Amino acid sequence: MAEDLAANEGLLRKNITDYDKLPDSAKTVLRDILYNVGSGNLFSKSPKFMQALNARNYEEAARQMDWDNNKPGFGGARKRNAARQELFLKDLRSVKPVS
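Residues numbered from 1 in each chain as written. Predicted model: local features only at pLDDT ≥ 70, side-chain atom pairs only at ≥ 80, totals over all residues. Heavy atoms only, no water.

(A) A look at the packing of aromatic side chains. Going through the model one piece at a time under the given rule, you end up with one aromatic pair. Judged by centre distance (6.1 Å) and plane angle (70°), the ring pair of Y58 and F88 falls under edge-to-face. Remark: F88 occurs in helix α5 (residues 77-89) and Y58 occurs in helix α4 (residues 58-63); sequence separation between them is 30 residues. Exposure class is identical for Y58 and F88. Each is buried. Note that K27 overlies the ring of Y19, its terminal NZ or CZ placed 5.5 Å from the centroid. (Phe/Tyr/Trp six-rings, centres within 6.5 Å; stacked < 30°, edge-to-face > 60°. Helix = DSSP H or I, 4+ residues; strand = E, 2+ residues; numbered from the N terminus. Buried < 20%, exposed > 50% of the residue type's maximum accessible area, 1.4 Å probe, protein only. Lys NZ or Arg CZ within 6 Å of the ring centre and 35° of its normal.)

(B) Summary view of the nonpolar core. Counting residues in hydrophobic clusters, the biggest one holds 23 residues, and the most contacted among them are L30, L42 and F88. Elements supplying a minimum of two residues to this core: α2 (24-44), α3 (47-54), α4 and α5. A per-element tally of this core places α2 first, with eight residues. (Core = buried A, V, L, I, M, F, W, Y, C linked by side-chain atoms within 4.5 Å.)

(C) Spotlight on α3. Residues of α3 that are buried include every one of F49, M50, A52 and L53, and no others. Each buried residue of α3 lies within a common arc of 165° when the element is viewed along its axis, so the set occupies one face. Along α3, the residues that are exposed and aim more than 90 degrees away from the buried face are P47, K48 and Q51. Where α3 ends, the next residue or the one after it, R56, has phi of about 60°, a positive value. (Arc of directions from axis to C-beta.)

(D) Up close: the pattern of salt bridges. Evaluated as defined, the whole model comprises seven salt bridges. Note that R13 and D20 form a salt bridge whose closest N and O atoms lie 2.8 Å from each other. Its relative accessible area of 46% is what places D20 among the partly exposed residues. When the shortest N-O distance is used, the salt bridge between D18 and R56 registers 3.4 Å. Of the two residues, D18 sits in the loop between α1 (2-15) and α2 while R56 sits in the loop between α3 and α4, which places them 38 residues apart along the sequence. Under the relative-accessibility criterion, R56 is labelled partly exposed at 27%. A single salt-bridge network, built from bridges that share partners, covers E9, R13, D20 and R31. (Salt bridge = Lys/Arg side-chain N within 4 Å of Asp/Glu carboxyl O.)

Next up, the structure:
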């Protein structure tokens, strides 16, 4: 398990600009997303999320956290994604996007 966590952390560092500078609350959410949606869905199939995140447009990145919101049988997705959004933005609200 420790190896999986280290590998996932490496993927996040490789794919997210300034990952190490993000607050712990945002890193926790990104780790959770990577674990739950998988690296392919996160890095390849979520271009709007990744673009906003790497541009440090954190409000837009949070809006893009809508995995499984409309899938039948995934009733808890909306609630889970709202909790992710709230935690992700908790310590990032004062950070301005790069122009």
